[in-house]
Amino acid sequence: VIGLTGSAGKTTTKEEIKFALEQFGKVYATKGNFNNNVGVPITLCDIDFDADYAVIEMGMSHFGEIERLSKVCRPEICIITNIGWSHAENLGSQQGILKAKLEILEGAAPSAPLIINGDDPLLAPLKASITDRRVITCAAESRNADYYADNICVCGGCTAFDIVCGGKCIDHISLPCIGMHHVLDAVIAYAAATEAGVKDGIAEKLSTFRLDGLRQHIEHKGGHTLVVDCYNAAPASMKAAIDVLCSIEPDGNGRRAAVLGDMLELGENSVHLHKEVGRYAAEKGISLIICCGSQAKYIAEGAAEAGTETFWSDSKETVTDFMREHLREGDAVLYKASRGVHMEEIISSYYGE
C-alpha cells in the first residue's frame, strides 16, 4: 500500500506510480479525486482482493483528516509531494500544512519509508529530523537528494533526463511533456516503484506516460499554441505553468499570453500570493496577462505593477470578448486556474467546442 499526499502534484504522481507498477502486477489506485474522508473508504472497499499494489491519494482541508485516512490505509510506503499554500485558510500557515501532511505517518508501518520532495525547503530538512524511519529525498534541482534528475534536456515537447541514485546514473527517462514539476513527479514515482520492489523497466514505462483531462497538455487551435492546465491551481503550480509557457516559442509574430483565474482556499494570504504570481509572470516576460475572477484581480495588479500589459474582469464573457480583440495569430497562451473557476468555459467559448 502506497499512500501519498501533498499540496500539488499528488494526482499526477499517483497516476505515474500506478502506470509504472502495472506491468509488474495488478494495481488499484484512487479514482479521480476520491481522496477525502468519504472517497478513501469507498476506494478501499472497491479494491479487489487479488490486487498486488494499492496507490491511495490522501487529501485534506483540516487537521486530523490525513491521520484518520492513514490509520485506515496503513501505508507501507508514504509520499509527500510538496508543501504549498492550499487550505492555508484552515491550517494557518505553511508550517501548519506541513504538520497536517505529516499525519500520513500516523497509520504507517514502522518500516514504511517516507519519500519526500528534496527541492521543497520545508520537506528537505525532514531527512535529518526524522530518525525513526527511512526518509528518501527526490529532486529535480537539488544534487543532494537520494534520487535526482540530471542532464535535463527539453526538445520537441518532451523532457529527457537521467535518474541518479547514490551518485551514479541508474536510468534514463524521456517524458512526453515539459516542465520541471513533471520531472520531479517522475523521479518520485521512480523511487516509489523501486521501494515497492520493482527492479527494472520503470523508466521505459514512465517514458510512455500521458497527461489527460484538464491537466497540463499542449495543443494547437485557432492559430494559437495552447497550454491548458485547468484542473487546479496554487502558487507553486501557477509558477510552474508559467515556466512551461516560457519554454514555448510562439509562431511568427506571436507573443506569450496567460489567461489566469483564481487560486482558491489561500486564506488571509490570498491577496499577497495572487500578486506574487502576477509579478512572477511579468518578470518571466509574459507579454499579456488576462485575469478572470475576484482574486485574480490581484494577479493583474501584481503584473501591472511590474510593468506588464494586463486585463481583468470578473466576467468570463467580458474576458472572452477582450481575448477576441487582443490575442494575435501565433500567440502561445496559457490557461490556468483552480478547478472551481471552470476556466475550460472560456476556452470553449473562445475556440468553440
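**Concerning the sheet that holds strand β5 (residues 114-117)**
Read from one edge to the other, the open sheet built from nine strands follows the order β2-β3-β1-β4-β5-β6-β7-β8-β9, with strand pairing classed as mixed. If you trace the sheet from one side to the other, it starts and ends with β2 (27-29) and β9 (168-175), each paired once. Taking each pair of neighbouring strands and ignoring which way they run, the sheet shows an average axis angle of 20°. For strand β8 (residues 158-165) and β9, the ladder comprises seven bridges, and the chain directions are antiparallel.

**Notes on the side chain of D162**
One can find D162 in strand β8. For D162, which is buried and forms no salt bridge, the nearest opposite charge comes from R143, at a distance of 9.3 Å. Within the local environment of D162, its side chain forms a polar contact with the side chain of N151, the two groups lying 2.8 Å apart. Within the structure, D162 has its side chain in polar contact with the side chain of H172 (distance 2.9 Å).

**Some thoughts on the environment of G252**
With respect to the element layout, G252 can be found in the loop between α9 (235-246) and β12 (256-261). Separated by 79 residues in sequence, G252 and D331 have C-alpha atoms that sit 8.4 Å apart.

**Quick word on the side chain of D229**
Considering the arrangement of structural elements, one finds D229 in strand β11 (residues 224-229). Polar contacts involving the side chain of D229 include one to the side chain of K336, which spans 3.2 Å.

**Side note on the pairing of β5**
Going residue by residue along β5, you find L114 and I116 tucked away on one face and I115 and N117 tucked away on the opposite face as well. Pairing geometry for strand β4 (residues 77-80) and β5, over three bridges, is parallel. Residue pairing across strands places C78 opposite L114, the latter belonging to β5. By the bridge criterion, four bridges tie β5 to strand β6 (residues 135-139) in an arrangement that is parallel. Bridging across to β6, N117 finds its partner in C138.

**Examining the nonpolar core**
Membership of the largest hydrophobic core comes to 38 residues, with the highest contact counts inside it found for L21, I79, I115 and F161. Broken down by element, the residue count for this core peaks at 10 residues, all from helix α7 (residues 180-195). Apart from residues no more than four positions distant in its own chain, I115 is found in contact with I77, C78, I79, I80, I136, C138, I188, A191, A192 and E195. Counting residues in hydrophobic clusters, the runner-up holds 28 residues, among them Y28, I66, I104 and I116.

**Section: the sheet that holds strand β15 (residues 332-336)**
By definition, the strands of a sheet pair up through backbone hydrogen bonds, in either a parallel or an antiparallel sense. Spatially, β10-β11-β15-β12-β13-β14 is the arrangement adopted by the six strands of the open sheet, whose pairing is mixed. Looking along the sheet, the strands with just one partner apiece sit at the ends: β10 (217-221) and β14 (309-313). When the angles between neighbouring strand axes are averaged without regard to direction, this sheet yields 20°. With five bridges connecting them, strand β13 (residues 288-292) and β14 associate as parallel partners. Residue pairing for β14: L288 is matched across the bridge by E309. Most of the contacts of helix α13 (residues 344-351) go to β11, to which it runs at about 155°, and overall it touches β10, β11, β13 and β15.

Cut-offs used in this document
- Residues numbered from 1 in each chain as written.
- Predicted model: local features only at pLDDT ≥ 70, side-chain atom pairs only at ≥ 80, totals over all residues.
- Heavy atoms only, no water.
- Pairing = 2+ DSSP bridges.
- Helix = DSSP H or I, 4+ residues; strand = E, 2+ residues; numbered from the N terminus.
- Axes fitted to C-alpha atoms, helices over the stretch in contact; angles between N-to-C directions.
- Buried < 20%, exposed > 50% of the residue type's maximum accessible area, 1.4 Å probe, protein only.
- Lys, Arg positive; Asp, Glu negative; His and termini not counted.
- Salt bridge = Lys/Arg side-chain N within 4 Å of Asp/Glu carboxyl O.
- Polar contact = N/O pair within 3.5 Å; in protein donor to acceptor, adjacent residues only side chain to side chain.
- Core = buried A, V, L, I, M, F, W, Y, C linked by side-chain atoms within 4.5 Å.
- Contact = heavy atoms within 4.5 Å.

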